[in-house]
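Working through the structure, step by step
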Amino acid sequence: MRIVVHAGFHKTGTTSIQHMMRRNGKRLARHFRILTRRQIPALCEAARAFSLKQDPAELGFFTYEAAQLFETLDPDDRRPLVVSSEDLSGHMPGRFGLTGYDAAPRLMAVLEQVARDCLPDPRITFFFTTRDTKHWLRSTYAQHVRAIRFTEDREAYLARMQPHGDLAGAVTDIANAVRAPVRHATLESCAGDPLGPMSPLLDVMQAPEKLRARLTALPPSNPSFPDHVLDRMLALNRSDLGHDAWVAAKKAVMEEWRAQGSK
(Lines give C-alpha, C1' and ligand atoms only; values in the text may rest on other atoms or scores of the structure.)
Protein backbone atom coordinates (compact mmCIF):
# COMPACT_ATOMS: atom_id res chain seq x y z
CA MET A 1 0.00 0.00 0.00
CA ARG A 2 1.27 3.46 -0.91
CA ILE A 3 0.93 6.02 1.89
CA VAL A 4 1.67 9.73 1.67
CA VAL A 5 1.87 11.58 4.98
CA HIS A 6 1.70 15.37 4.68
CA ALA A 7 2.50 16.33 8.26
CA GLY A 8 3.21 20.05 8.11
CA PHE A 9 4.29 22.52 8.65
CA HIS A 10 1.90 25.11 10.12
CA LYS A 11 1.42 28.30 8.09
CA THR A 12 2.92 26.84 4.93
CA GLY A 13 -0.23 26.40 2.86
CA THR A 14 -1.51 23.37 4.74
CA THR A 15 -5.00 24.80 5.28
CA SER A 16 -5.22 25.67 1.58
CA ILE A 17 -4.28 22.10 0.69
CA GLN A 18 -6.90 20.62 3.00
CA HIS A 19 -9.61 22.96 1.74
CA MET A 20 -8.81 21.87 -1.81
CA MET A 21 -8.97 18.24 -0.75
CA ARG A 22 -12.43 18.73 0.71
CA ARG A 23 -13.67 20.83 -2.23
CA ASN A 24 -12.45 18.20 -4.71
CA GLY A 25 -13.29 15.25 -2.48
CA LYS A 26 -15.38 13.26 -4.95
CA ARG A 27 -12.84 13.55 -7.75
CA LEU A 28 -9.91 12.69 -5.51
CA ALA A 29 -11.78 9.77 -3.94
CA ARG A 30 -11.81 7.91 -7.23
CA HIS A 31 -8.04 7.56 -6.97
CA PHE A 32 -7.06 8.11 -3.31
CA ARG A 33 -8.22 7.64 0.24
CA ILE A 34 -7.92 11.12 1.78
CA LEU A 35 -7.78 11.77 5.52
CA THR A 36 -7.42 15.25 7.02
CA ARG A 37 -7.61 16.37 10.63
CA ARG A 38 -11.39 16.02 10.61
CA GLN A 39 -11.08 12.26 10.18
CA ILE A 40 -8.15 11.73 12.61
CA PRO A 41 -8.70 14.20 15.49
CA ALA A 42 -7.52 11.82 18.22
CA LEU A 43 -4.25 11.07 16.41
CA CYS A 44 -3.60 14.78 15.90
CA GLU A 45 -4.38 15.63 19.52
CA ALA A 46 -2.05 12.86 20.68
CA ALA A 47 0.75 14.31 18.54
CA ARG A 48 0.13 17.79 19.93
CA ALA A 49 0.12 16.48 23.48
CA PHE A 50 3.42 14.65 23.00
CA SER A 51 5.06 17.76 21.54
CA LEU A 52 4.55 19.73 24.76
CA LYS A 53 6.78 17.69 27.07
CA GLN A 54 7.66 14.61 25.01
CA ASP A 55 6.28 12.42 27.75
CA PRO A 56 6.61 8.69 26.91
CA ALA A 57 3.03 8.15 28.08
CA GLU A 58 1.78 10.67 25.52
CA LEU A 59 3.83 8.92 22.85
CA GLY A 60 2.05 5.73 23.88
CA PHE A 61 -1.30 7.36 23.18
CA PHE A 62 -0.02 8.51 19.78
CA THR A 63 1.15 4.96 19.02
CA TYR A 64 -2.26 3.58 19.98
CA GLU A 65 -4.12 6.07 17.78
CA ALA A 66 -1.79 5.36 14.85
CA ALA A 67 -2.47 1.64 15.23
CA GLN A 68 -6.21 2.34 15.33
CA LEU A 69 -5.86 4.21 12.04
CA PHE A 70 -3.88 1.58 10.17
CA GLU A 71 -5.65 -1.46 11.58
CA THR A 72 -9.09 -0.18 10.55
CA LEU A 73 -8.17 0.47 6.91
CA ASP A 74 -10.06 -1.67 4.42
CA PRO A 75 -7.43 -4.16 3.17
CA ASP A 76 -9.35 -4.65 -0.07
CA ASP A 77 -9.21 -0.96 -0.96
CA ARG A 78 -6.23 -0.61 -3.30
CA ARG A 79 -6.27 3.19 -3.46
CA PRO A 80 -3.20 4.93 -1.99
CA LEU A 81 -3.76 6.58 1.38
CA VAL A 82 -3.06 10.30 1.79
CA VAL A 83 -3.01 11.75 5.31
CA SER A 84 -2.76 15.53 5.67
CA SER A 85 -2.55 17.44 8.96
CA GLU A 86 0.11 19.81 10.21
CA ASP A 87 -0.83 18.83 13.77
CA LEU A 88 0.82 15.45 13.23
CA SER A 89 4.10 17.32 13.82
CA GLY A 90 2.87 18.74 17.13
CA HIS A 91 1.82 22.19 18.26
CA MET A 92 2.76 25.24 16.22
CA PRO A 93 6.07 26.61 17.55
CA GLY A 94 6.12 29.96 19.29
CA ARG A 95 3.69 29.18 22.12
CA PHE A 96 3.52 26.85 25.11
CA GLY A 97 7.30 27.12 25.43
CA LEU A 98 7.91 25.46 22.06
CA THR A 99 10.42 27.01 19.70
CA GLY A 100 10.55 24.34 17.00
CA TYR A 101 9.33 20.97 15.78
CA ASP A 102 11.56 19.01 18.14
CA ALA A 103 8.98 16.24 18.58
CA ALA A 104 8.32 15.74 14.86
CA PRO A 105 11.19 13.31 14.12
CA ARG A 106 10.05 10.98 16.89
CA LEU A 107 6.41 11.25 15.87
CA MET A 108 7.17 10.45 12.23
CA ALA A 109 9.40 7.53 13.23
CA VAL A 110 6.61 6.06 15.36
CA LEU A 111 4.03 6.60 12.61
CA GLU A 112 6.29 4.80 10.16
CA GLN A 113 6.98 1.89 12.52
CA VAL A 114 3.31 1.41 13.39
CA ALA A 115 2.42 1.35 9.70
CA ARG A 116 5.05 -1.34 9.13
CA ASP A 117 3.71 -3.34 12.09
CA CYS A 118 0.06 -3.12 11.02
CA LEU A 119 0.20 -3.32 7.23
CA PRO A 120 1.68 -6.02 4.98
CA ASP A 121 3.55 -3.77 2.55
CA PRO A 122 3.43 -0.07 3.47
CA ARG A 123 5.36 2.20 1.08
CA ILE A 124 5.43 5.49 2.92
CA THR A 125 6.52 8.89 1.70
CA PHE A 126 6.60 11.85 4.06
CA PHE A 127 5.93 15.26 2.53
CA PHE A 128 6.30 18.71 4.07
CA THR A 129 5.55 22.19 2.86
CA THR A 130 8.02 24.81 4.08
CA ARG A 131 8.45 28.58 3.88
CA ASP A 132 11.24 31.13 4.13
CA THR A 133 12.04 32.08 7.73
CA LYS A 134 10.98 35.73 7.60
CA HIS A 135 7.48 35.17 6.24
CA TRP A 136 6.92 32.00 8.26
CA LEU A 137 7.72 33.74 11.55
CA ARG A 138 5.47 36.69 10.72
CA SER A 139 2.67 34.32 9.79
CA THR A 140 2.99 32.24 12.95
CA TYR A 141 3.00 35.42 15.04
CA ALA A 142 -0.19 36.59 13.33
CA GLN A 143 -1.82 33.22 14.00
CA HIS A 144 -0.89 33.31 17.69
CA VAL A 145 -2.27 36.84 18.13
CA ARG A 146 -5.43 35.92 16.27
CA ALA A 147 -6.15 32.53 17.85
CA ILE A 148 -5.21 32.84 21.54
CA ARG A 149 -4.61 35.50 24.18
CA PHE A 150 -1.03 35.97 23.00
CA THR A 151 0.57 39.14 24.40
CA GLU A 152 4.17 39.14 23.18
CA ASP A 153 5.32 42.11 21.12
CA ARG A 154 5.90 41.40 17.43
CA GLU A 155 9.54 42.42 17.32
CA ALA A 156 10.33 40.54 20.52
CA TYR A 157 8.70 37.43 19.08
CA LEU A 158 10.59 37.68 15.79
CA ALA A 159 13.90 38.14 17.61
CA ARG A 160 13.20 35.22 19.94
CA MET A 161 12.13 32.86 17.20
CA GLN A 162 14.64 33.85 14.49
CA PRO A 163 17.15 31.12 15.46
CA HIS A 164 14.39 28.50 15.22
CA GLY A 165 12.82 29.38 11.88
CA ASP A 166 14.74 26.97 9.63
CA LEU A 167 12.02 24.63 8.40
CA ALA A 168 14.36 22.96 5.91
CA GLY A 169 16.49 21.98 8.88
CA ALA A 170 13.44 20.47 10.56
CA VAL A 171 12.83 18.40 7.42
CA THR A 172 16.44 17.17 7.58
CA ASP A 173 16.00 16.13 11.22
CA ILE A 174 12.91 14.14 10.27
CA ALA A 175 14.66 12.52 7.31
CA ASN A 176 17.42 11.37 9.67
CA ALA A 177 14.85 9.74 11.97
CA VAL A 178 12.90 7.65 9.45
CA ARG A 179 13.69 5.06 6.77
CA ALA A 180 11.04 6.26 4.34
CA PRO A 181 11.74 8.99 1.77
CA VAL A 182 11.06 12.56 2.90
CA ARG A 183 10.24 15.25 0.37
CA HIS A 184 9.40 18.91 0.75
CA ALA A 185 8.44 21.96 -1.31
CA THR A 186 8.65 25.64 -0.44
CA LEU A 187 5.51 27.75 -0.46
CA GLU A 188 7.36 30.34 -2.54
CA SER A 189 8.00 27.83 -5.33
CA CYS A 190 4.24 27.26 -5.68
CA ALA A 191 3.28 30.94 -5.89
CA GLY A 192 2.64 30.92 -9.64
CA ASP A 193 0.90 27.55 -9.78
CA PRO A 194 -2.93 27.66 -10.04
CA LEU A 195 -3.13 24.76 -7.58
CA GLY A 196 -0.65 26.38 -5.19
CA PRO A 197 0.97 24.07 -2.62
CA MET A 198 -1.42 21.30 -3.65
CA SER A 199 0.61 20.88 -6.84
CA PRO A 200 3.83 19.42 -5.33
CA LEU A 201 1.73 17.21 -3.07
CA LEU A 202 -0.03 15.86 -6.16
CA ASP A 203 3.42 15.09 -7.57
CA VAL A 204 4.23 13.00 -4.50
CA MET A 205 0.81 11.36 -4.68
CA GLN A 206 1.53 10.45 -8.34
CA ALA A 207 -1.85 11.90 -9.29
CA PRO A 208 -2.91 11.26 -12.91
CA GLU A 209 -2.72 14.29 -15.20
CA LYS A 210 -6.40 13.93 -16.09
CA LEU A 211 -7.30 14.23 -12.41
CA ARG A 212 -5.09 17.27 -11.88
CA ALA A 213 -6.70 19.02 -14.84
CA ARG A 214 -10.17 18.53 -13.35
CA LEU A 215 -9.42 19.85 -9.87
CA THR A 216 -11.03 23.10 -8.78
CA ALA A 217 -8.46 25.64 -7.63
CA LEU A 218 -9.20 27.80 -4.59
CA PRO A 219 -7.68 31.06 -3.31
CA PRO A 220 -5.24 30.83 -0.37
CA SER A 221 -6.96 29.94 2.90
CA ASN A 222 -6.42 31.48 6.34
CA PRO A 223 -4.29 34.47 5.22
CA SER A 224 -2.58 36.61 7.84
CA PHE A 225 -4.00 39.95 8.95
CA PRO A 226 -2.05 43.16 8.28
CA ASP A 227 0.00 44.67 11.10
CA HIS A 228 -2.49 47.40 11.98
CA VAL A 229 -5.23 44.81 12.56
CA LEU A 230 -2.88 42.60 14.57
CA ASP A 231 -1.93 45.58 16.72
CA ARG A 232 -5.60 46.05 17.63
CA MET A 233 -5.93 42.35 18.45
CA LEU A 234 -2.75 42.47 20.55
CA ALA A 235 -4.19 45.38 22.54
CA LEU A 236 -7.33 43.31 23.16
CA ASN A 237 -5.21 40.33 24.22
CA ARG A 238 -3.48 42.56 26.77
CA SER A 239 -6.73 44.07 28.04
CA ASP A 240 -8.64 43.08 31.16
CA LEU A 241 -11.72 42.05 29.17
CA GLY A 242 -13.45 38.87 30.25
CA HIS A 243 -13.24 35.90 27.91
CA ASP A 244 -16.60 36.35 26.18
CA ALA A 245 -16.12 40.08 25.72
CA TRP A 246 -12.59 39.50 24.43
CA VAL A 247 -13.80 36.95 21.88
CA ALA A 248 -16.57 39.29 20.72
CA ALA A 249 -14.20 42.26 20.43
CA LYS A 250 -11.69 40.31 18.33
CA LYS A 251 -14.46 39.03 16.11
CA ALA A 252 -15.65 42.60 15.58
CA VAL A 253 -12.14 43.69 14.58
CA MET A 254 -11.91 40.89 12.01
CA GLU A 255 -15.36 41.58 10.60
CA GLU A 256 -14.61 45.31 10.32
CA TRP A 257 -11.42 44.56 8.41
CA ARG A 258 -13.23 42.23 6.02
CA ALA A 259 -16.03 44.74 5.50
CA GLN A 260 -13.46 47.33 4.48
CA GLY A 261 -12.18 45.06 1.75
CA SER A 262 -9.36 43.45 3.71
CA LYS A 263 -7.10 46.50 3.47
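Residue positions within a chain follow its written sequence, with the count starting from 1. In keeping with the model being predicted, local features are shown solely for residues with a pLDDT of at least 70 and side-chain atom pairs are shown and tallied solely at 80 or more, while totals for entire chains, interfaces and linings include all residues. Just so you know, side-chain values use all the structure's heavy atoms and leave hydrogens and water out.

1. With respect to the overall build of the chain
Numbering of helices and strands runs from the N terminus, with a helix taken as a DSSP run of H or I at least four residues long and a strand as a DSSP run of E at least two residues long. The secondary structure content of the chain amounts to twelve helices and five strands. Two things to know: the radius of gyration comes from C-alpha atoms, and the globule rule equals 2.2 Å times the number of residues to the power 0.38. At 19 Å, the chain has a C-alpha radius of gyration in line with the 18 Å of a compact globule built from 263 residues. Across its three principal directions, the C-alpha atoms of the chain cover 55 × 45 × 35 Å. Burial analysis of the chain (263 residues in total) assigns 48% to the buried set. Excluding contacts between residues fewer than 6 apart, the proportion of contacts in the chain whose partners are at least 24 apart in sequence is 77%. In the form shown here, the chain has an accessible surface area of approximately 12,800 Å², with 51% of it arising from carbon and sulfur atoms. Here the term buried applies to any residue with accessible area under 20% of the maximum for its type, exposed to any over 50%, and partly exposed to those in between, with areas from a 1.4 Å probe on protein chains only. Working rule for contacts: check all heavy atoms of both residues, and any pair within 4.5 Å makes them a contact. All accessibility values rest on the Shrake-Rupley procedure with a 1.4 Å probe; residue burial counts only the protein chains present in the view.

2. Structural notes on the sheet that holds strand β3 (residues 81–84)
Pairing between two strands requires that DSSP report at least two bridges joining them. Within the open sheet, the five strands sit side by side as β2-β3-β1-β4-β5. Their pairing is parallel. Strands with a single pairing partner mark the edges of an open sheet, and in this sheet they are β2 (33–36) and β5 (182–186). In this sheet, neighbouring strand axes are inclined to one another by 20° on average, regardless of whether the strands run parallel or antiparallel. As paired strands, strand β1 (residues 2–6) and β3 are joined by four bridges and run parallel to one another. Residue pairing for β3: valine 4 is matched across the bridge by valine 82. A fitted line through C-alpha atoms serves as each axis, taken over the contacting stretch for helices, and the angle formed by two N-to-C directions is quoted from 0 to 180°. In the packing of helix α9 (residues 198–205) onto the sheet, contacts are made with β1, β2, β3, β4 (123–130) and β5, and the angle to β1 comes to roughly 155°.

3. Quick notes on helix α4 (residues 56–71)
One turn of the α-helix equals 3.6 residues, which is why residues spaced by three or four share an orientation. To estimate how far a helix should reach, multiply one less than its number of residues by 1.5 Å. Taking 1.5 Å per residue as the helical rise, α4 with its 16 residues ought to reach 22 Å, and the 22 Å between its terminal C-alpha atoms agrees with that figure. Here α4 has its buried residues at Leu59, Phe62, Ala66, Ala67, Leu69 and Phe70. Looking straight down α4, one finds that the buried residues subtend no more than 155° of arc, so they occupy a single side. Every exposed residue of α4 that faces more than 90 degrees away from the buried side is listed here: Phe61 and Glu71. On its buried face, α4 is in contact with β1, β2, α3 (41–53), β3 and α5 (104–118). Note: the arc covers the axis-to-C-beta directions of the helix.

4. A look at unusual backbone geometry
The omega angle of the peptide bond from glycine 8 to phenylalanine 9 is 5°, so this bond is cis rather than trans. Following the sequence through the fold, phenylalanine 9 ends up in the loop between β1 and α1 (14–23). Within the chain, lysine 11 stands out as a residue other than glycine whose phi angle is a positive 60°.

5. Description of the nonpolar core
By nonpolar core is meant a set of buried Ala, Val, Leu, Ile, Met, Phe, Trp, Tyr and Cys residues that side-chain atoms within 4.5 Å join together. Core analysis: the biggest nonpolar cluster contains 59 residues, and Phe62, Phe70, Leu88, Met108 and Phe126 have the highest contact counts within it. Non-local contacts of phenylalanine 62, meaning those with residues more than four positions away in its chain, are made with Leu43, Ala46, Ala47, Leu88, Leu107, Val110 and Leu111. Residues Val4, Ile17, Val82 and Met198 belong to the second largest nonpolar core, which totals 18 residues.

6. Regarding the packing of helix α6 (residues 133–147) against helix α7 (residues 154–161)
In contact at an axis separation of 10 Å, α6 and α7 are set at 130° when each is read in the N-to-C sense. By the angle class used here, α6 and α7 are oblique. Here α6 runs over α7; the crossing is right-handed. Along the contact surface, α6 presents Leu137, Arg138, Thr140, Tyr141 and His144, while α7 presents Arg154, Glu155, Tyr157, Leu158 and Met161. Under the scheme applied, nonpolar residues are Ala, Val, Leu, Ile, Met, Phe, Trp, Tyr, Cys and Pro; charged residues are Asp, Glu, Lys and Arg; polar residues are all the others, including Gly. Taken together, the residues of the contact of α6 with α7 sort by class into five nonpolar, two polar and three charged. Roughly parallel refers to an angle under 35 degrees, roughly antiparallel to one over 145, roughly perpendicular to one between 65 and 115, and oblique to any angle outside these ranges. Helix crossings are classified by the rotation of the near helix relative to the far one: an anticlockwise turn of less than a right angle makes the crossing left-handed, while a clockwise turn makes it right-handed.

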